[in-house]
Amino acid sequence: MPEAFSALSQAEPTITLFSMHGSNTIGGSLAPNMAMSYLRAKGAKNLRIEPLDKPNEKVVVGDLFEQGKVVQIKILAHGSSTGFKGLMTDDAQVWASSRPVKSKEISQAKSKVDLTSHVNEHILAIDGLAIVVNKKNHIGELSKTQLGAIYSGQIKNWSELGGENRDIKLYARDKNSGTWDSFKNMVLAKNYMLHESAQRFESSEELVEHVVNDVAGIGFVGMGFVGESKLLAISDGPAQGFKPSQLTLATEDYPLSRRLFLYSNAKHNSYADEFINYAEGIYGQEIVMEQGFVSQNVSSMEGELQKNLPEDYLGLVQGAKRLSTNFRFQPGSAKLDLSLIHISEPTRL
């Protein structure tokens, strides 16, 4: 251990710059690595991620030698709903959420902070609900309707879908999870109820581990947690089925695409504000991509064209590359739908 590091660690108390509570999808790996990159950009050395006493809690620590400080960022990843509670009690300065803020949360927070304001609501990354099964499962594609029927218990055996004769084992995120909220809204909606046999998990890593070890299992997680499981293509109505990928998520063509958010009380904590600006900037978005999610940095991509497109269109785009963004217009109009455009402030670092 370097003498400077040893002396600094022993002499200086650790200063917590800010705490982030919420989504396990964000807090599992993305947030700690983003915090490492942010502290490195501030000149911190000897960066490390250390576990806290409880599962899914960790701290990112670094040494600022020029200032003679040991600094840390705390990350508690117990689900998106817990982040809102932390922000309201001031236990957290950043709320990490894998779903948009709910209308009831907006109302509850109104006297304290406007969570719909662009200075408090920040898009961190684009993600997709990855539907995962065991690699020995021969099923390659499901529709959203089939997926809802599976998770409600209406389809009970893989043989009903052309697979092997095995009872389907359901794995789902827990009730505090924004990933669960996304799945409930996008798949179950008002048509289905989660079957009581579903096993629930706070941790995405633990859920995937069960799927990897269960040939009859099926689960849903963020793209950064797929691991050794098998991804399924998902279709919506008559549209072509897509697997989630950098291209289909960036363009939001994958039917279970979603956005990951950071919420804050603007100017309440200067380090939290600086961190969010960094995360939205070019270097922060590179970390997003490295961690398996889709960044908001615009780039050209190669990908499979959707089937059954007009021949004249296919002729025009033959050999072309696809931008990692879509321009969406108001229905029946040539005007851009500005409600879908998010403009972030430039990074300070």
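Look up: the structure comes first, before these words.
Because the structure is predicted, anything quoted here is derived from the model rather than measured. (Residues numbered from 1 in each chain as written. Predicted model: local features only at pLDDT ≥ 70, side-chain atom pairs only at ≥ 80, totals over all residues. Heavy atoms only, no water.)

Enquirer: Tell me about the environment of G217, and please be specific about residues and values.
Expert: For G217, the location among the structural elements is in strand β11 (residues 217–221). Taking the C-alpha atoms as reference points, G217 and K169, 48 residues apart in sequence, are found 4.5 Å from one another. With sequence-adjacent residues up to four places away left out, G217 is seen in contact with V132, V133, N134, W158, K169, Y171 and V211. (Helix = DSSP H or I, 4+ residues; strand = E, 2+ residues; numbered from the N terminus. Contact = heavy atoms within 4.5 Å.)

Enquirer: I'd like to hear about the pattern of salt bridges, residue by residue, with values.
Expert: Tallying each qualifying case throughout the model produces 13 salt bridges. With a shortest N-O distance of 3.0 Å, R99 and D181 are connected by a salt bridge. Of this pair, R99 sits in the loop between β5 (94–97) and α4 (103–109) while D181 sits in helix α6 (residues 178–188), and the two are 82 residues apart along the sequence. In this structure D181 comes out as buried when scored by relative accessible area, which is 3%. When the shortest N-O distance is used, the salt bridge between K184 and D181 registers 3.6 Å. On the criterion of helical spacing, the pair formed by K184 and D181 is a turn pair, its members being three residues apart in helix α6. One network of salt bridges, in which partners are shared, links R99, K102, E105, D181 and K184. (Salt bridge = Lys/Arg side-chain N within 4 Å of Asp/Glu carboxyl O. Buried < 20%, exposed > 50% of the residue type's maximum accessible area, 1.4 Å probe, protein only.)

Enquirer: Can you lay out the pairing of strand β3 (residues 57–64) for me, pointing to particular residues and giving the numbers?
Expert: In terms of burial, β3 is largely enclosed, as seven of its eight residues are buried. Pairing of strand β2 (residues 45–51) with β3, which is carried by five bridges, proceeds in the antiparallel orientation. If you follow I49 over to β3, its bridge partner there is V60. Here β2 folds back onto β3 in antiparallel fashion, the turn holding five residues, of which N56 has a positive phi close to 65°. By the bridge criterion, eight bridges tie β3 to strand β4 (residues 69–76) in an arrangement that is antiparallel. Within β4, the position partnered with K58 by the bridge is I75. What sits between the antiparallel neighbours β3 and β4 is a turn of four residues, in which G68 has the positive phi angle 65°. (Pairing = 2+ DSSP bridges.)

Enquirer: Any details on the sheet that holds strand β1 (residues 14–22)? Residues and values, ideally.
Expert: Overall, mixed pairing links the seven strands, which are arranged β2-β3-β4-β1-β5-β14-β6 in an open sheet. Here the strands that pair on one side only, and so sit at the sheet edges, are β2 and β6 (121–128). On average, each strand axis in the sheet is tilted by 20° relative to the strand beside it, whichever way the strands run. Contacts from helix α3 (residues 80–89) reach β1, β5 and β14 (257–264) within the one sheet, and its direction differs from that of β5 by about 165°. (Axes fitted to C-alpha atoms, helices over the stretch in contact; angles between N-to-C directions.)

Enquirer: I'd like a description of the packing of helix α2 (residues 24–41) against helix α10 (residues 282–290), backed by residues and values.
Expert: It is at 10 Å that the axes of α2 and α10 come closest, and there the two elements cross at 145°. Along this stretch, α2 crosses α10, giving a crossing that reads as right-handed. On α10, the residues that touch L30, N33, M34 and S37 of α2 are G284, I287 and V288. Across the contact of α2 with α10, the residue classes tally to four nonpolar, three polar and no charged. (Left-handed = near helix turned anticlockwise from the far one by under 90°. Nonpolar A, V, L, I, M, F, W, Y, C, P; charged D, E, K, R; others polar.)

Enquirer: Summarise the packing of aromatic side chains; cite the residues concerned and give the values.
Expert: In this structure the tally under the stated criterion is 12 aromatic pairs. Ring geometry for Y151 against F220: centres 5.6 Å apart, planes inclined by 65°, an arrangement best described as edge-to-face. One end of the pair, Y151, is in helix α5 (residues 144–151); the other, F220, is in strand β11, and 69 residues separate them in sequence. For F220, a relative accessible area of 0% gives the class buried. A connected cluster of aromatic rings, assembled from ring pairs, spans F18, Y38, F275 and Y278. When the ring centre of W180 is taken as origin, the NZ or CZ atom of R200, which lies over that ring, is 4.6 Å away. (Phe/Tyr/Trp six-rings, centres within 6.5 Å; stacked < 30°, edge-to-face > 60°. Lys NZ or Arg CZ within 6 Å of the ring centre and 35° of its normal.)

Enquirer: Residues and numbers for the sheet that holds strand β10 (residues 199–201), please.
Expert: Pairing is mixed across the open sheet formed by five strands, whose spatial order is β10-β9-β11-β7-β12. If you trace the sheet from one side to the other, it starts and ends with β10 and β12 (230–231), each paired once. Here three bridges tie strand β9 (residues 169–173) to β10, and the two strands are oriented parallel to one another. By the bridge assignment, A172 is partnered in β10 with R200. Contacts from α5 reach β7 (130–133), β9 and β11 within the one sheet, and its direction differs from that of β11 by about 115°.

The values reported here are purely geometric and, on their own, carry no functional implication.
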